[in-house]
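# Commentary on secondary and tertiary structure
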Number of protein chains: 2
Amino acid sequence: MKRLIEICGKERVTAPELIPQEYLVDSVTGRQGEAYALVFPLSTEEVVELVVYAQLADLSIIPRGAGTGLTGATLPVSSELLIDFSLMNQILGFDKETLTLKVQPGVTLADIQAYVSQEGYFYPPDPGSKDATIGGTVATNAGGMRAVKYGVTRDYVRALEVVLLSGEVLPVGSITEKNSSGYDLKDLFIGSEGTLGIITEIQLKVIVPPVTSQSVLIAFDQLADVSKTVLAILSSHVEPTALELFEKEGMAYSEKDLGLKLPLDSGAAYLLLTVDGQDPKEIIARYQTAIRLAETHGGIDSLVLTAETAVQVWQLRGNIVAGIEAVSQQEPLDVVVPLNRMTETIDFMKALGQRYHLPTVCFGHAGDGNIHGCIMRQHLSAAEWEKRLSQLLSELYHFISDQQGLPSAEHGIGLLKKEYFLKEANPVYVKYLRQVKQVFDPDNRLNPTKLF
Amino acid sequence: MKRLIEICGKERVTAPELIPQEYLVDSVTGRQGEAYALVFPLSTEEVVELVVYAQLADLSIIPRGAGTGLTGATLPVSSELLIDFSLMNQILGFDKETLTLKVQPGVTLADIQAYVSQEGYFYPPDPGSKDATIGGTVATNAGGMRAVKYGVTRDYVRALEVVLLSGEVLPVGSITEKNSSGYDLKDLFIGSEGTLGIITEIQLKVIVPPVTSQSVLIAFDQLADVSKTVLAILSSHVEPTALELFEKEGMAYSEKDLGLKLPLDSGAAYLLLTVDGQDPKEIIARYQTAIRLAETHGGIDSLVLTAETAVQVWQLRGNIVAGIEAVSQQEPLDVVVPLNRMTETIDFMKALGQRYHLPTVCFGHAGDGNIHGCIMRQHLSAAEWEKRLSQLLSELYHFISDQQGLPSAEHGIGLLKKEYFLKEANPVYVKYLRQVKQVFDPDNRLNPTKLF
């Protein structure tokens, strides 16, 4: 503790007994952890000193942002030193000529989006939690609603500065548009969940924003028809920005929670589509194509949303998880399957929920084959919930693997999906993950017990 | 040799004395190498057997495609076993629902583009040599003319099957659209120039093609004005597919070689722009914006190209290197700098050429900051050429590094740029490149002496 105070100053070091519960309790499972201390560095130099001290004092480290993750990846489980990046929250520079934004890892997504937008530009990745830090979204390779057109966080990271456990500062990537000069270590750190190195600076790519956008809500009687429509749209010239799928049943939780109603009453399943672009006429042609494709694949009704209704519908879509959590604890799923396996996957998830008497609500980023699901605990005892859930998840992740799918599209593996990830992943792949880890963190000090 | 024949059969093994010169002489430098043998495997299983044998026989290996690379990366320099993938040239499957094309590494780019196009889809990466194998373009992360809008090879690789030197078969990546399930090893192999593993199967992402496109040629008196126009276009809604920059001087070689003339006579520097999309009217608005931006940044003339003229102009652009090679041996450059450092970089390159009396022609993918250059040997003796060239390149790559640029955008480092890459790269970065290499190829058998 003395050395930590020397490095960061007294006011930026929190002793274990004073660490707030939000740092020590996992938001999903309620599991309780314990930490060695909590520190708030201000600079790369301080992070290097913390890392060097951790080596000397034989401590493990967990770097963390806003704690909005959904996999327990930042939960301390073995008296780790928690490094909170929320004070490293400076926007360091914006170069409009190279379209590059340089930030510290603790800047929130909301702050980045607001800053860039005010300057007339656009940072597309849009994960659910705008309170997330950019460092956290890089560590999980977060996705969000606009990925089908614009890609995920990985696609917008030009370069990183990473502090390694050796105390070395490793620059990876480049602010150039192309790079075939040495191995791509940058992409190794993106999505590595704080297990390979500590990200202390990020250079992001921004783009020119679309001029206008339009959302359309389409109703279907059957979920399978939504999937067929999605495939047809992805093989057309609609070029959707967002393609969200949800069911009436799941939406009801959100409607109740917000006291709002979806503006289409017919149907059992819905597709919420956005198109954006420069030319309003061209956009009309594109969403009309989408509506036509829906009609030929079982769509029963559609509504071109006004600006005001669009805000409400997107609010309803964004609130599904909160609506469910208002009535029950839940296990958040983030599976991803090939685009043509969505119907089977959702059907399987729902049948599995019925079999285990664990109601399962499915929705997702249909344009990416990324299905979120909430498995609801309801009134079950902790023991019964854990028993049933773990059996259900074993079956589920095995099925996902059989579909050539993966346990996580955008949340990461963390603590909660580790067991299932390791069970289903190719053993040669896992072997080399461990060996790569050895290169950068030979003593396993960085977020140990997570990912594998 | 006996074991090689057991693995591949007699007709697919070439003894060293019978190996054609094209395998043993570097196309850029004319440097002569020597190989242990040349083999043509047909399957992953055969590649595994070859690798196991290489271990036993203490051989090094160079995997190679069509040999169209420009960095000496496939030149055998220490009696390596050459594995030629040209017979592993099958298209294994095309899934229109997931927009995934599965191929063997020896399929040529031309064959992939033709196949996909015939099916109504589009594989955007478009490096200069269409004879290149897809495996080669993955190994170098090749780019090409359309990268400014569509990205590079990396952006279209969903998954790889890689044979490691241990004989293990490692699957990396996924055919899902998103993936946050473990470290991104796929991107480590892309651009690794055959030094980490041997790619035996590739799954590519294809997209829906644009409906129509239009090219425009714009003339300028000064190169600096081209760069300013490029920056303005990239911050606008023009959304160019291609943004090629060249000078009258360099184009003259191509014109003479082809017996064609550029359809604009005024100006000293040119921007060749393509826009594509779905709606012809919207495309007109976009290229007109580009022309207006050029006019306000020093453009002196412009021509909207007819389909026929466009073919000729693109042919002229694509033939610059051949036009130069018709009169002199040349060193091909592939530097990349931040978008706003292009003018300074080209000015420096040309001044350097004058100082060393080595005429230097510059052109490039201006939308990516990727400047190709041809340094011409002319009548110089081999000794004098090598001496001047090596001094020039030392200065050049040091300058590029000062601009936060890199020695290679899309060709790779190989043998020819290794010295300069190692001199300018961050030493911590190079240290970890070597350690990552150790993980996958601890005995340094795979394309040794290349990259670092």
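Residues numbered from 1 in each chain as written. Chains lettered and ligands numbered in written order. Predicted model: local features only at pLDDT ≥ 70, side-chain atom pairs only at ≥ 80, totals over all residues. Heavy atoms only, no water.

Residues and elements named next belong to chain A. Taking 1.5 Å of rise per residue, 12 residues should cover 16 Å, and helix 7 (residues 223-234) covers 17 Å from first to last C-alpha, within 8% of that figure. Burial within helix 7 is extensive, with 10 of its 12 residues counted as buried. Within the span of helix 7, buried status applies to Leu 223, Asp 225, Val 226, Ser 227, Thr 229, Val 230, Leu 231, Ala 232, Ile 233 and Leu 234. Turning to helix 7, the residues buried within the fold contact helix 5 (147-150), strand 10 (212-220), strand 11 (242-247), strand 12 (269-277), helix 9 (280-296) and helix 12 (342-355). (Helix = DSSP H or I, 4+ residues; strand = E, 2+ residues; numbered from the N terminus. Expected span 1.5 Å × (residues − 1). Buried < 20%, exposed > 50% of the residue type's maximum accessible area, 1.4 Å probe, protein only. Contact = heavy atoms within 4.5 Å.)

Here we take up the nonpolar core. One finds Leu 185 and Phe 440 of chain A together with Leu 185 and Phe 440 of chain B to be the most contacted residues of the largest nonpolar core, which totals 90 residues. Residues contacting Leu 185 of chain B, with those up to four places away along its chain left out, are Leu 188, Tyr 429, Tyr 432, Leu 433 and Val 436 of chain A together with Leu 170 and Val 172 of chain B. (Core = buried A, V, L, I, M, F, W, Y, C linked by side-chain atoms within 4.5 Å.)

The relative placement of two packed helices comes down to the angle between their axes together with the axis-to-axis distance. All names here are of chain A. Running from amino to carboxyl end, helix 7 crosses helix 9 at an angle of 140°, the nearest separation of the two axes being 9 Å. Viewed along their axes, helix 7 and helix 9 adopt a mutual orientation that is oblique. The interaxial crossing formed by helix 7 with helix 9 has right-handed handedness. Here Thr 229, Ala 232 and Ile 233 of helix 7 come into contact with helix 9, specifically with Ala 290, Leu 293 and Ala 294. Per-class residue counts for the contact of helix 7 with helix 9 are 5 nonpolar, 1 polar and no charged. (Axes fitted to C-alpha atoms, helices over the stretch in contact; angles between N-to-C directions. Parallel < 35°, antiparallel > 145°, perpendicular 65-115°, else oblique. Left-handed = near helix turned anticlockwise from the far one by under 90°. Nonpolar A, V, L, I, M, F, W, Y, C, P; charged D, E, K, R; others polar.)

Residue and element names in this part refer to chain A. A sheet is described by the order of its strands in space; here 4 strands give the open sequence 1-2-4-3, paired in mixed fashion. With partners counted over all chains shown, the strands left at the sheet margins are strand 1 (13-14) and strand 3 (61-64), one partner each. Summarising the sheet, strand 3 and strand 4 (residues 80-84) pair through 4 bridges and their orientation is parallel. The residue of strand 4 that forms the bridge with Pro 63 is Ile 83. (Pairing = 2+ DSSP bridges.)

A few words now on the environment of Thr 176 of chain B. Take Thr 176 of chain B: it is sitting in the loop between strand 8 (169-173) and helix 6 (186-189). Separated by 78 residues in sequence, Thr 176 of chain B and Thr 98 of chain B place their C-alpha atoms 8.2 Å apart. With residues up to four places along the chain from it excluded, the contact list for Thr 176 of chain B reads Val 336, Val 337, Pro 338, Gln 404, Gly 405 and Leu 406 of chain A together with Arg 158 of chain B. Within the structure, Thr 176 of chain B has its side chain in polar contact with the side chain of Ser 174 of chain B (distance 2.5 Å). A polar atom in the side chain of Thr 176 of chain B sits 2.7 Å from the backbone oxygen of Lys 178 of chain B. (Polar contact = N/O pair within 3.5 Å; in protein donor to acceptor, adjacent residues only side chain to side chain.)

It is worth spelling out the relation of the copies chain B and chain A at this point. Expressed as a screw operation, the relation of chain B to chain A combines 0.0 Å of axial shift with a rotation of 180°, fitting to an RMSD of 0.0 Å. The superposition operator between the copies reduces to a two-fold rotation axis. In this assembly the copies share their binding face: 99% of the residues contributing to the interface of chain B also contribute to that of chain A. (Least-squares fit on C-alpha atoms with pLDDT ≥ 70 in both.)

Counting residues at the interface gives 85 residues for chain B, matched by 84 residues for chain A. Both faces combined, the contact of chain B with chain A buries some 6600 Å², and carbon together with sulfur accounts for 59% of it. When the buried surface of chain B facing chain A is broken down by residue, Lys 178, Ser 180 and Tyr 183 of chain B rank first, second and third, together holding 15% of it. Applying the counting rule to chain B against chain A returns 8 salt bridges. The partner of Asp 184 of chain B in a salt bridge is Arg 154 of chain A, and the shortest N-O contact between them spans 3.1 Å. For the side of chain B that touches chain A, the elements supplying multiple residues, two or more each, are strand 8, helix 6, helix 7 (223-234), helix 9 (280-296) and helix 15 (427-440) of chain B. Top contributing element to the side of chain B that touches chain A by residue count: helix 15 of chain B, with 10 residues. The class makeup of the residues in the side of chain B that touches chain A is 37 nonpolar, 30 polar and 18 charged. (Buried area = accessible area lost by both parts, 1.4 Å probe. Salt bridge = Lys/Arg side-chain N within 4 Å of Asp/Glu carboxyl O.)

Let us look at helix 10 (residues 307-318) of chain B. Residue and element names in this part refer to chain B. Between its first and last C-alpha, helix 10 extends 16 Å over 12 residues, near the 16 Å set by a 1.5 Å rise per residue. Listing the buried residues of helix 10 in full gives Ala 310, Val 313, Leu 316 and Arg 317. Down the axis of helix 10, the buried set is contained in an arc of 125°. They therefore lie on one face. Exposed side chains of helix 10 directed beyond 90 degrees from the buried face belong to Ala 307, Glu 308, Val 311 and Gly 318. Where helix 10 is buried, its residues contact strand 10 (212-220), strand 11 (242-247), helix 8 (248-258), strand 12 (269-277), helix 11 (320-325) and strand 15 (360-365). (Arc of directions from axis to C-beta.)

Turning our attention to the pairing of strand 8 (residues 169-173) of chain A. For strand 7 (residues 157-163) of chain A and strand 8 of chain A, the ladder comprises 5 bridges, and the chain directions are antiparallel. For Val 163 of chain A, the partnering residue across the bridge sits in strand 8 of chain A and is Val 169 of chain A.

As enumerated under the stated definition, the model contains 60 salt bridges over all chains in all. Here Lys 431 of chain B ties to Glu 168 of chain A by a salt bridge, and the two come within 2.7 Å at their closest N and O atoms. Taken as a pair, Lys 431 of chain B in helix 15 and Glu 168 of chain A in the loop between strand 7 and strand 8 lie in two separate chains rather than in one.

Inspection of the secondary structure assignment puts Glu 247 of chain B in strand 11. Within polar-contact distance, the side chain of Glu 247 of chain B engages the side chain of Lys 350 of chain B at 2.8 Å.

This part takes up the domain arrangement of chain A. Bring the parts together and some accessible area is lost; that lost area is often taken as the interface size. All names here are of chain A. What the domain assignment lists for chain A is domain 1 (2-84), domain 2 (91-205), domain 3 (212-320) and domain 4 (328-428). Here domain 1 and domain 2 have C-alpha centroids that lie 22 Å from each other. On the domain 2 side, the residues contacting the 15 residues of domain 1 number 16 residues. Taken together, both faces of the contact between domain 1 and domain 2 bury some 1100 Å²; the carbon and sulfur share is 70%. Here domain 1 is connected to domain 2 by 2 residue pairs in polar contact (both at pLDDT 80 or more). Of all the elements in the fold, those that place two or more residues in the side of domain 1 that touches domain 2 are helix 2 (44-56) and strand 3. (Domains from an automatic or database assignment.)

What follows concerns the pairing of strand 7 (residues 157-163) of chain B. All names here are of chain B. Within strand 7, 7 of the 7 residues are buried, leaving the element largely enclosed by the surrounding structure. Inspection of the sheet shows strand 7 paired to strand 9 (residues 198-205) by 6 bridges, in the antiparallel sense. The partner of Val 162 across the bridge, within strand 9, is Ile 199. Between strand 7 and the antiparallel strand that follows it, strand 8, lie 5 residues; Gly 167 among them carries a positive phi value of about 90°.

Two cysteines joined by a covalent bond between their sulfur atoms form a disulfide. Residue and element names in this part refer to chain A. On inspection of all chains with the given rule, the structure shows 0 disulfides over all chains. Looking at Cys 374, it has no disulfide partner, and the nearest cysteine sulfur is the one in Cys 362, 8.7 Å off. Looking at Cys 374, the relative accessible area reads 2%, which means it is buried. (Disulfide = S-S within 2.5 Å.)

All names here are of chain B. Pairing is antiparallel in the open sheet, where 7 strands are placed in the order 13-10-12-11-15-16-14. Either end of the sheet is taken by a strand with one partner, and the two such strands are strand 13 (299-304) and strand 14 (330-336). Within the sheet, the average angular offset between the axes of one strand and its neighbour, ignoring direction, is 20°. As paired elements, strand 10 and strand 13 share 5 bridges and run antiparallel to each other. Paired with Val 216 across the strands is Val 304, a residue of strand 13. On top of the sheet, helix 8 reaches strand 11, strand 12, strand 15 and strand 16 (370-376); it is set at about 90° to strand 11, its chief contact.

Moving on: the packing of helix 12 (residues 342-355) of chain B against helix 13 (residues 382-402) of chain B. All names here are of chain B. With their axes 11 Å apart at the nearest point, helix 12 and helix 13 run at an angle of 165° to one another. Considering the angle they form, helix 12 stands roughly antiparallel to helix 13. The way helix 12 lies across helix 13 gives a crossing that is right-handed. For the pair helix 12 and helix 13, the contacting residues are Glu 344, Thr 345, Phe 348, Met 349, Leu 352, Gly 353 and Arg 355 in the first and Leu 392, Glu 395, Leu 396, Phe 399 and Ile 400 in the second.

What follows is about the packing of aromatic side chains. For the structure shown, the criterion picks out 20 aromatic pairs over all chains. Relative to Tyr 121 of chain A, the ring of Phe 94 of chain A has its centre 5.4 Å away and its plane inclined at 80°; by these criteria the two rings are edge-to-face. Placement of the pair is Phe 94 of chain A in strand 5 (residues 91-95) and Tyr 121 of chain A in the loop between helix 3 (109-118) and helix 4 (134-140), with a sequence separation of 27 residues. One exposure class covers both Phe 94 of chain A and Tyr 121 of chain A, and it is buried. On the numbers, 5.2 Å between centres and 20° between planes, the contact of Phe 440 of chain A with Tyr 432 of chain B is stacked. With Phe 440 of chain A in helix 15 (residues 427-440) and Tyr 432 of chain B in helix 15, this residue pair bridges two chains. Residue classification places Phe 440 of chain A among the buried positions, given a relative accessible area of 2%. Note on Tyr 432 of chain B: relative accessible area 4%, which makes it buried. In this structure an aromatic cluster arises from ring pairing among Phe 94, Tyr 115 and Tyr 121 of chain A. (Phe/Tyr/Trp six-rings, centres within 6.5 Å; stacked < 30°, edge-to-face > 60°.)

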